[in-house]
Structure formats: C-alpha cells, structure tokens
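Chain by chain, the residues run as shown.
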Amino acid sequence: MTWRSPLALMRDALRGQRARDKELRNLVSNLPYEGLDKAKQPNRHFPSNAIKTTKYTLLLFIPMNLFEQFHRLANIYFVGLAILNFIPVVNAFQPEVALIPICVILSLTAMKDAWEDFRRYQSDRKLNNTPCLIYSKEKQFMERRWKDVRVGDFVKVVCNEIVPADLLLLHTSDPNSVCHIETANLDGETNLKQRTVVSGFLFEPESFTGVVVCEKPNNNLNHFKCYEKPDKERAGAGIESLLLRGCTVRNTDHAVGFVVYAHETKSMLNNNGSRYKRSKLERKLNIDVIFCVILLFAMCLVGALHFLWLQALPGIPPYLVPDSSGHLDGPSLSSFYTFFTMIILLQILIPISLYVSVELVKIGQIFFITNDTDLFDEETDSRMQCKALNITEDLGQIEYIFSDKTGTLTENKMVFRRCSIMGTEYPHKENIRLAVLGEPESEEEVIFNQRPQSLQTGWSLDAEDTTPRDTTQRRGSRHRSKVAGIAQSDVAFSSPLETEVIPDKKLLQQISRAESSSGSRKTDPYLDFFLALAICNTVVVSMATAQRRRSDNLRYEAESPDEAALVYAAKAYGFILLARTPDSVTVRLPSGEDLVFKVLDTLAFDSNRKRMSVLVQHPITKEYVLYTKGADYAIMELLGTPYAQHHLDCYAKEGLRTLCVTKKVVSAKVYESWLVDRQRALAAIDNREELIMDTAVQLETNLSLLATGIEDRLQENVPDTIMALREAGIQVWVLTGDKPETAVNIGYACRLLEEEDLLVIDGRTLTMALSPDLQERFVDLAKRCRSVLCCRVTPLQKSRVVKVIREKLKVMTLAVDGANDVNMIQAADIGIGISGQEGMQAVMASDFAISRFRHLKKLLLVHGHWCYTRLANMIIYFFYKNVAYVNLLFWYQFFCGFSGTAMIDYWLMIFFNLFFTSAPPVMFGIMDKDVSAELLLGVPELYRTGQGAYTFSTFWVSILDAFYQSLVCFFIPYLAYQDSDIDIFTFGTPLNTVSLFTILLHLSIEIKAWTVVHWVIMLGSVALYFVVTLAYSAICVTCNPPSNPYWILQSQMADPMFYLVCLISTVVALLPYTFHVMRNSIAPSPIVQARHLDRLDPSEREQWIKEWRSF
Amino acid sequence: MVKQEQELDNRPDNTAFTQQRLPAWQPMLSAGIVIPGFVLIGLAFIGIGVALFVTSRSIQVLEIDYTGVAQDSPCYRCSDPDTKNCVCTMDFSIDTLFKGPVFFYYGLTNYFQNYRRYGASKDASQLSGDLEYFKNPSSDCSPYQYDNDKPIVPCGSIANSMFNDTFKLYQIVNGARKQVPLDGKGIAWWTDYNVKYRNPSVTPLRNAFNGTVKPVFWSRPAYELDPTDPANNGFINQDFLVWMRRAALPNFRKLYRRITEGDYAEGLPAGNYSLEIAYNYPVLSFDGEKKVVFSNVSWMGGKNEFLGIAYLVIGSLCIVMSIVMLIVYAKFKFPEED
C-alpha cells in the first residue's frame, strides 16, 4: 500500500460518490487493469459483490442495539423510570431492583436481534463464498468467490448455477445465442425465460475495449437499458440481455456475461425486508395506552395530595425521617417528590409487558394459521403464508373485499374448448365432455373467426410494415389481464386439460380439405388460424432434460396459460410448435412437413396495447407476415368492421375469455422503413419503453382477421365462499379487466350477482366517478349496492377504487389478487395474494398468501374471527390485570401517608407480572376458542358480531371492573385486619394472593374452551405462585433489605383467617360477573347462542343452524 | 398423481393441537348452573359467617385510652411533652371473668409505621449482629446513623422511635394492690427472635457496643433494655422485636405482654384493676392516641366482627340473587331452552 495524501483520498472518494450518483455509468473491462493498484482501477468506485445484510458488528452490537431499541417510546419511558428511582428523594424501591424489568425486556429483545443477525451473517458468508468463474489474465476462467466479483469482470455461469451478479449476456453455448433462466428465486416464477446475447458486442474478453453505458441501478426487475459505444454505432440492450443475480441458468450449458452491477444488483435492491403495518386494533390499543398514562397521572396527582395530610399534622411525628441535616422537606416540595415516587410505584399501569405479549400472541396465531391443513393446497404443496406478521387480527375486521377475477376467482387454467373460424362455430363438444369427466373446474374455449373476404384484401396490406430484428421482450407480458399466468409447479401449464385437446371433427375435415387443396403455400384461413396459434406467442419449447422430465419430449413453457392452451390446441390439430429461438420458429404441419419461419421481431405484450405480435417471414412464400393476438376490444379497434362480434358477445355471455388472432402481410418496403425506427428505439436509453411501444403500434395497424374466445373456469367453491363472505356482512367487489358481458356472467356464476341491487361500472365511467366532485356520490351509491362489479378497469384504477372506499367510508378493506395487481394489494388494509397460476408478484407484495380463493372463507370467518377476538380479549384483560393489581398499591397509599410504600415485596411484584400472571393471558390470546370453526363457517353472520369485541366502552368497562375488583381485594382484607397487630408484608400477602386468584379466575371465566394446555397453565400458574413465594420467603432472610418477606407466607398459611379472607374477597370481586351471566341468559348475544349450539352433537347442530339461519 | 403424494413436504401436521381441535371443556355459565351454584355458595357463606360471628362475639375486648388529651383524664398531666418520668394510673373494673389467656396490647393511632422512608431507615446487617456494621452503620439509617460522629446502634428511625411506655397491672383486692404477673416471653415472631435478629456473639453483650452510642430517643442502651432478664437484651429484646415489625396500618396495636401465670392463668377475674403507666411516648405531634387493649383470642385471632358479617351479608345476597334469577328465569324462559 503506497502512501497517498489525504487530499487525494478525499478527492477520490468524492469522485467515487459522483460516479455512483450519475444517471449513466460508463463501465469498461477490468482485464487490462488486472493486478494494478486499486487507485488505478477504472471501476473502483462501484461496490464489490460481497453482500452484508447484517445490522450489527460484534464490537458495536450493544450500543447499536440499544440505540435501535430506544426508538420504542415505551422503552425510554421505563428506562426513565428506572433512572428516576436512583434519585434518593423520590425512589420507591431499591434502585437496582427497579432496573430489573426494563433490563429483562431489553436483553430479551437484544438476544432475539443478535440471533437474527447471526443467522444473516451466516447466510451472507455462505453466499459470499460461493464459487464462481471469472476470466483472468491467464486467459481462462479461474475459480473465485462471489465476493470477488467486480463490475467490469467477465463471469461464466454453467447450467444449474446461480448467477452471482447482474450480467450483461455476451455469449452462450446455445447456437441460437439464448440462455434460459429460471427466476424462481426472484419472483417465484418457475417457467423458463429466454435471455439473448447482446448483438453487436464482441465476446472475446481480451479484445473487449468498448465502454458499456448503463443506467443507475434501480430495483425494477423488468427494466434495464444500456448501450455499448465502441464506435459510432450504438448497440442497445435491455432486460432481455440481462442475467439477474439470483436466477438459475437452465438448459444452457454455459453463458458468459459482463458484470454491470455487483452488490447493487436488482435482486438486492428489491430486498427491502418485510413491511410494517399497524393493525386497527393496535392503533386502538395505543390510544388506550394514552388513557392509561392519563389515569396514571391522575392517580399520581392524588398521591401528591400528600401535602394536605402533612399540613394537617400538628408537629413533627417520630415516623417522619428528616434529612441528614435534620430538616424535613416542606409540604409542597415533599408533594412534588411524592408525585414522582408514585409514578415509579404505579408504573406497571403502562403495560410494558403488553407489547411483548402481543408479539408472542401473534407469533402463536400465525403458527396456527399457517399450520391449518384446510388452508393447505395439495396441488401446489403450499401452505398459507403470513408475510405481514402483525395484522392477523385485522382479518377479523374486514368490511369490504376487492377481488380480481382472473386467477383469483377463476382457475386461470385453460383448455382449448371452442373456436369460430370464418363465421362458423366449432363447439368442440368432445372437449366439454372430457373436461366434465376429468377436472370439471378448468375449461377453456377458443373461438376463431376469420373473415372470409379478408383472404384477399385484408391480409397483406399496407405501408408501415417492416420486420425488425428479433428481441424477445417477454417481460412486458407480465402484465395481468388477458395474458395470464405462470404455473407454480415446476411444470408450467401442463394439466391434462391443457394438453389433451380432442379436435372437433368438423374442423378437422375443414383443415384436411384446405391442406389437400392448397398445400402449405396457400394462405387458407384454417391453416393460418392454426399457424397463428402456433407462432404468435412467446412459448418456450424445452426438450426433456434430467430435472424437468416429461413423458412426452416436447414441453411448452408459457408465461400465460392461454398461450400454452392455444399452442396445445394447435398441436392437437397437427400444427406442432417444434422449436422457438429468437430468430426462428419451427412448426410441423399436419402433413408432416416442417416449416421454419424466420422471426423478424416480437412485439411483446403490454397493458396499454393489450396485444402482442410476432413478425415472421414465411419460408415458402417469403412474405412478411405479422400475427397479432390480443383482447377482443384491443384487436377490434384495429379492424375495420366489428366482424364476428356476435360470436364474441355470445362467448362473453357464457363467461368466456375472448381473444382475437389476426394476420397481416407486410410489404418489404414498409418493413425496411419500420426497422430503422425500431432499431433507434431499441438503442435509446431515454423513453426506451415508449419508443418501443410506439414502433409496435406503428406496425399493428390495419390488421385483418380472426377472433377467438377463451373461458376461464371458476375455482372450486368460489360461489360458496362469496356467499359466505356476503352473509358475513362483507361487501364483495369484483374488479376485472374483462369486458362487461364476461364479468357479469362470472358474477352470476360465482353468485356475486343475484338480485337487482347491483352496480356494474366500466373503466371509463369509473374514471369519471372517481373524479373529486363525483367521488362522494359514487361512494354513496356503491354503499347502497349489495355488490359492485367494475369491468375493464386498469390496475391503477383498481387501486384508486380501493383507496377511495377505504378513505371515504373508513372501513377495513381487503384486496385479493392472483396475479400482478401490486397496486391494489398495497392500497388495501390487507392484501392477499393467491399463489395460483399467474405471476407471483401479487404474492410477493401481499400480506397473506393463499393458494385457493376458497381458503379465504376459513381464513376470514374462522381465523380472522378467532385472531381478533382472542387478541382483543387478551388486550382488554391485560389492561384490566395491570390496573387491578396496581390499584392495590394505590389504595394502600391512603393508609401510608402517600409515601409510596409497597405492602408487597418488590421481587414478588416482579414475579407476579413476570411469571405468575404472564403465561395465562398469552395462552388465552393464542388458544381460546369462543365458537368452533364448524359453527363459524356454518353461520357466517357471526363474523360481523365478532367485530365489536374491542370498543371504546369495553376498555372503560374493564377499567371500571378493575377498579371495583381492586377495591374489594384491598378493602376486605383491610377491614378484616384493621386495628390488629398485623405487619406490612403479612398484610400484603393476602392482598397478593387474593388478586392472583381474582385475576386468574376472571380469566377462567373469560376462557371459553378449556383444553389440557389451559389446565396446565392455569393450575401451573397458581402452583408456581405458592412454590416460588414459599421458597422465596424461606430463603430470603436479609437478601433484600429493607423489605423482608422472611417466613411471611408460611405464617399466613398457618392461619385460617388467611383462607377466609382470600375466599370472601375473591368471591365478592367476581360477583358482578353474575350480571353478565344473567344478561347472557335473558338476552343472549349471537356468539353466546352459537356457543350453546356448539355443545350439541353435530347432527342436532346442523338442524339448529338451519332453523336459526332461516330467520 | 402418485408422484404428487410423495411431494407434499409442506403439509402441516395433522394433530389435534396444530389444527386447534384439542378436546375442550366448554363451561357455559347458564342459569341452570349459576342458580344452584349461588344457593350453595350462599349457604356455605352463611355457615362460615355464623361461625365467625359467634366466635367473634365470644371474644372479650377491653380498651383503655390513656392519651390524656381530655382534662379529666388521669394522664392529662403526663401528656405535656415537657413533663419527664411521668407516671399515671388508670382504674377500671371488670364485671365478669375475662377469660385467659389474656393478651395485653398497647395501641397507637395515626402512627404511620408504614411510612416508606421510615421503613427503610434501619440496617438489617447491623441487626443481624454483624460487628462491622456497628462501626459503620448503613447510610439508610441517616440521620440516625451517627450521633456526634459515633455510630448509633441500633441505628435508624424505626429503632430510634421505639415505643417506651411501660405498664404495670394491679388488681385491687380488698383495697390492696395485687400485681398481675405479665409474661413477656414469646410475644415476638419466632423467626425474628431466632433467625433475623441476632446479637453479636460477644460476652458480656455490652462489650460489643463499645464505641457506639444509643439511639437519641432512648433512655437506656440496647444491652440494658430489660434489666430484669439479661437474656432479653440487645436486638433480641422482645419489645424491640415487636416494635421493629412495622405495622401495616396507621391504627395498630402491638402485643405488650400476656397474662398467663399464677392466679390469672384462667383469666382476669371480675373486680377492680389499676393500670400504672410510665408515660414517656409523645403522640400529640401527630394527633395520635395511645391505648391499652386487653383481649383474649380465638382460632380467628382477635375480635373482628367485620368478617363474620361480611360472610353473612354475601351469603344472604347470593341466596337473594338466586331467587331473583329464578324469578327472571321463570318469567323470561330462556331462548336456548325453548
């Protein structure tokens, strides 16, 4: 290391900062600089690939962790109290002892943090030391570690290896210059994706002298742009040439890439931890904590009335202790001190342990939710996942559900079912039968219409046709709506229904006739239809490989199930898609002839155009042909006349998903001119997307064509689930991109729409309805409708609808989506992702992920109800418990001159909160079961009733109850022992015991179902109290001066009065509960009635539920 | 299909616990349980109440206030704080035999022995006989830690404020005074006497106190608290132990002596008595009262009518409530039962 002046170092650091912040980065190869000083490395400003996700270092753990923890207000409060206790004039306990609770809490949290951080450290180390191949001066790839990878290196990845950094693909072993990757680690999608080598880049590492200009790192997984500038000609590259860190290379022997981002990779930038949401209950809880603070202050002010008492004294009594100089504090100063002493004494009124207990309860609740076998999906072998850990109870508070259609209500698994070509419908009846016999849920229909006259005129016209170079821009098609999904299993879209299509006899005849008459040369509409189906897609054909085996050695991996379905349909008619490379598509015709179409460009799907096109050159006719496929309305606007509209409407009414396929022949001249624009757009850094889209739109004009319709079947039990949710008082809205007819049909199918009180609104109207001046009225109208159906809405509109309803009506909203509607999911209070067929982005952004829509029923009606009532009751109980216990100390202040004396040993007070009464409420919060799952599912109306467990009044009622109980627990022993020779701790012992029994029995009454666990914990707590207290009072002779509990409980337990006092105090304290009982008997709440039903045997219960619900 | 079955690694355990199907007892507090329950509780409570009440009524208590605030009180003279070594005599008579063993208490009112800083003002190590703390008492004792730079033993406010009135009881038999023997043994807690408080193992005891001074308020040093019994001195003096066990409430009594010996083993016979009080303890500074209490005890301790009445009241209340509930029950017919 040579010496460098600090100034130079600083200058370098500044330069580095600037280089990192620039919008565009210039990267060069590291090779020429290998072995040189760090200061001479051109890419030294960019971070290396070593990752560090740990929060702490070994040395700084304690200060940093404490700093973190003190961000919690409660912790500061308790540390403040502990410090206050070190001030002699105000302390209530021995200073050291007062530190115990906060120390316990802080160290427990610190231990948890340390453990988590250690695990992160371990996984970091493992990742950083993963081997990889980097090209070195020795002119070969050397084995290095991931952490050694730097920007500007050449990295080689082999099959099944994970990509160590974001690589610009320069070379692959594949003859077609593609590299297949699997992005399961990033977005959970398991289908293969193709990445293509950047065209125009030199591969030879030694001779790589160009500069790669790329944009600043960002977290968009589907977007990247860069260009190389070795000379004048810019060669642009996008996401289609980028291998992302974390992806796995598949089906490609090896690939070489240039590192553009190390450390700041897209996957790392996407990794921003779990989101923190605060539940409604928690917000209420915080308000109540503030009430507790007010209560505490009020009680402390009462304590400060001390001075009145002091002033009333005629002289200086012997029990007042002067300070060392022999002076007594004046009454007002003394009151001031008393105020603080009282705060210390009554501090547990602010329940520090409540927060810890709530966390514990939520962990337990999540354990039970994720372990529910009813929420487990066998098909995908996936459990329910809770991604947000702290809003379980909000599941019990839902008032509005916003649901997407495709992949949420429906299977999103498609089979070719029907088609209509040349105005003739081919119903494929055999297919229907197959579907019914096999797997009735998933069916699909494809309708193909071809306009007869278009054969001559419409097919081949028009100017702006040009064929660009290929770029498979597949990521664009991730957009939801028409082009859907991805399989969850490792075999994408391969259900028997998709693959087994039984051809319609009539159509087969048509094809064979067309073939025999025209051969492969003539553009017969029937042949064209199936060619279009086989070609116009982005389906990847993969051969059987070891880890992705299939009986049949052709396998289609599609990003959307309808694409796969269409390809399989074509296959069934003999048009077999054999291979797809970026440059060509090979299709085998029914005659057995293989046609290799040259792919000139693929205009990928995007949500604005809602269609995709493939431009190919016919091998025989040499014509440039553009096949376009898209949503019917997206295609129809490009066709002159709304032809085949009748069939489309017909299918839409049956709930079919309709797609249109078009063909257009592009002249060479048009293609050439278009190509120039296209290339310019591809190489652009700014507005690349828009430019590319514009070029796509340019080409997709004056189409002439054919139409198809697809049906996506409902998932199982969807109608039942929606019915139940509506009976539970939840408003269900369906927001879909489908056309109104389809949407309404689905609405009827899933029993969302039954009566007339329905609102169907389409996207354009919705835009107006959501405008500020109409919002109020729209919301008002929507509120009155039993169901609302929004069709043809864009993802952005969906999230706006959710936001508007949520804000205007102040209701709890839940959004369900099975695809990529991240916006909507994040706009709602709770976002639920269905990890079904389409992309996993919704699941990634969701708070809870389920695999079937029907799981929503149990998740909300049972788990939501339970989680909410459990937690609400637990929190109320916790407040009650603390107030009831602390008030004993408060009442005693009236009899000890407000001096802050505690009549219970401080250690026992700590034990009381820490051991004797902590486990039961947590268990209660995790395990109590007010009504059985069967009944909650059977009577969905209970969901609504369960929502009011925690209201403003319940808090105050429980506080009043706590006041009453503490009065009883204090004054009955007080009256029983007054004027006697009882000493302080002997007096405190029955108080402590009585409140233990009262608090635990109170909980016992609250517990609705006693399992073994309940018995063990409740009896264990009582046993623990006696064992620990007896042991403590036997061992501690002078261990805790000045308080001294030696032999107190022992002597008390030898006295019959002790038991008599405890008995009557407990009974009187719990007596008001009987009013509760009387109320429950005279006018039972639905929940209580349900609990009665729970006690009946199942058949009798069925009967009752039926009768009850018929009211 | 077969392949799928094997692959279900994520399937949750299907146990009663994880599926929340543990067999559970679901108690319902319905009227059918509550009414008989109330009747039972009511009856049991009335039974206990009667027993307590009867027992409490059988306990005889005699309280004599000797504060001397009233001018006609024999101790009026002594209540003046300036009067030293004042002795006053209270006469009283007993109509029937006061059954023995009779417990003889002194009582104070408005005296906050439970005051926090007062309670902390002692040195437990010193009181357990640790000589180290004889020289250096704990600072908890401040300002009763040192007196003119000499350590105070026993230090602290509690010891300093020890009650120092003494009593002698005479029965007037034919105009002559016959002293009633008072038993001062075993009036403190056994654990205090044997475990918590220890004299240093130095003989004679007074040597241990060399270099220390007595508490400011005391007239005699700790090793001379009981001139009649050398074993009853130092920290294990019974009166000292009784005082050191701080009362829970501001109005309290503390055991002074028991009357268990001689002619009085059966109790105090009817007749006239005279109580001679060495009046030392000032109580006017806190509006306190001083009294002497004679009481016999039962299994339930001293006289306390509250508990018996409370049991009776709650017991009856339960019965009444069960009747009310029964009426309500009959009138409303519970929905779940029809």
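Just so we're clear, the structure is a prediction, and the values are computed from it rather than from any experiment. (Residues numbered from 1 in each chain as written. Chains lettered and ligands numbered in written order. Predicted model: local features only at pLDDT ≥ 70, side-chain atom pairs only at ≥ 80, totals over all residues. Heavy atoms only, no water.)

Let us now look at the overall build of chain A. Of regular secondary structure, chain A possesses 40 helices and 33 strands. Per-residue burial for chain A yields a buried fraction of 61% across its 1111 residues. Within chain A, contacts between residues at least 6 apart in sequence are counted, and of these 76% link residues at least 24 apart. (Helix = DSSP H or I, 4+ residues; strand = E, 2+ residues; numbered from the N terminus. Buried < 20%, exposed > 50% of the residue type's maximum accessible area, 1.4 Å probe, protein only. Contact = heavy atoms within 4.5 Å.)

This part is about the sheet that holds strand β4 (residues 102–108) of chain B. Residues and elements named next belong to chain B. Pairing within the open sheet is antiparallel, and its 4 strands lie in the order β1-β12-β4-β9. Two strands in the sheet have a free side with no partner beyond their single neighbour: β1 (61–65) and β9 (252–259). Averaged over all pairs of adjacent strands, the angle between their axes in this sheet comes to 20°, without regard to strand direction. As paired strands, β4 and β9 are joined by 7 bridges and run antiparallel to one another. Of the residues in β9, the one forming a bridge with Gly 107 is Arg 253. (Pairing = 2+ DSSP bridges. Axes fitted to C-alpha atoms, helices over the stretch in contact; angles between N-to-C directions.)

Residue and element names in this part refer to chain B. UniProt annotation of "transmembrane region" (unreviewed entry) refers to residues 33–54 and 309–330 when read in the numbering used here. Helix makes up 100% of residues 33–54 and strand 0%, and the two end C-alpha atoms of the span are 32 Å apart. Structurally, residues 309–330 is divided into 100% helix and 0% strand, and its ends, taken at the C-alpha atoms, are 31 Å apart. (UniProt positions renumbered as here; feature names shortened; annotations may be inferred.)

Residues and elements named next belong to chain A. For strand β23 (residues 611–617), the tally of buried residues reaches 7 of 7 residues, placing the bulk of the element in the interior. Of the two faces of β23, the one carrying Arg 611, Ser 613, Leu 615 and Gln 617 and the one carrying Met 612, Val 614 and Val 616 are both buried. Of the strand pairs in this sheet, strand β22 (residues 594–603) and β23 are connected by 5 bridges, and their pairing is antiparallel. Paired with Lys 598 across the two strands is Gln 617, which belongs to β23. The pairing of β23 with strand β24 (residues 624–631) spans 7 bridges and is antiparallel. Paired with Leu 615 across the two strands is Leu 626, which belongs to β24.

All names here are of chain A. The residue Thr 54 is located in the loop between β1 (24–27) and α2 (61–69) in this model. Given a relative accessible area of 13%, Thr 54 falls into the buried group. Ignoring sequence-local partners within four residues, the contact set of Thr 54 consists of Asp 117, Arg 120, Tyr 121 and Asp 124.

Let us look at the UniProt feature "active site" (unreviewed entry) in chain A. With numbering aligned to this structure, UniProt lists the feature "active site" (unreviewed entry) at Asp 404 of chain A. Positionally, Asp 404 of chain A belongs in the loop between β15 (400–403) and β16 (419–421).

With that settled, the discussion passes to the sheet that holds strand β2 (residues 131–135) of chain A. Two modes of strand pairing occur in sheets, parallel and antiparallel, and in both the strands are linked by backbone hydrogen bonds. Residues and elements named next belong to chain A. An order of β3-β2-β4-β13-β5-β11 is seen for the 6 strands of this open sheet, with the pairing classed as antiparallel. Across the chains shown, the open sheet's two edge strands, defined by having one partner strand only, are β3 (141–145) and β11 (242–243). When strand β4 (residues 154–158) meets strand β13 (residues 254–261), the two strands line up antiparallel, connected through 5 bridges. Within the sheet, the bridge partner assigned to Lys 156 lies in β13 and is Val 256.

Another point: unusual backbone geometry. With an omega of -5°, the peptide bond running from Gly 100 of chain B to Pro 101 of chain B counts as cis. Assignment of secondary structure puts Pro 101 of chain B in the loop between β3 (98–99) and β4. For Asp 979 of chain A, which is not glycine, the phi torsion reads 65° and is therefore positive. The topology assignment puts Asp 979 of chain A in the loop between α33 (952–977) and α34 (984–1006). Located in the positive-phi region is Asn 85 of chain B, a residue other than glycine, with phi close to 45°. With respect to the element layout, Asn 85 of chain B can be found in the loop between β1 and β2 (86–94).

It is worth spelling out helix α21 (residues 718–727) of chain A at this point. Residues and elements named next belong to chain A. Burial analysis of α21 places 8 of its 10 residues in the buried class, which makes it a mostly covered element. The set of residues buried in α21 consists of Val 718, Pro 719, Thr 721, Ile 722, Met 723, Ala 724, Leu 725 and Arg 726. The secondary structure elements touched by the buried residues of α21 are β15, β28 (731–735), α22 (740–749), β30 (787–791) and α28 (855–893). Taken from the residues just after α21, Gly 729 is the one with a positive phi, measuring 85°.

Before going further, it helps to spend a moment on the interface of chain B and chain A. On the chain A side, the residues contacting the 86 residues of chain B number 97 residues. Regarding the contact of chain B and chain A, the summed buried area is about 8000 Å², with carbon and sulfur atoms giving 65% of it. Connecting chain B to chain A are 2 salt bridges. Remark: the boundary between chain B and chain A carries 26 residue pairs in polar contact (both at pLDDT 80 or more). Only α2 (31–58), α3 (116–120), α7 (190–196), β9 and α10 (305–332) of chain B provide two or more residues apiece to the side of chain B that touches chain A. For the side of chain B that touches chain A, the element with the most residues is α10 of chain B, which contributes 12 residues. When its residues are assigned to classes, the side of chain B that touches chain A shows 51 nonpolar, 19 polar and 16 charged. (Buried area = accessible area lost by both parts, 1.4 Å probe. Salt bridge = Lys/Arg side-chain N within 4 Å of Asp/Glu carboxyl O. Polar contact = N/O pair within 3.5 Å; in protein donor to acceptor, adjacent residues only side chain to side chain. Nonpolar A, V, L, I, M, F, W, Y, C, P; charged D, E, K, R; others polar.)

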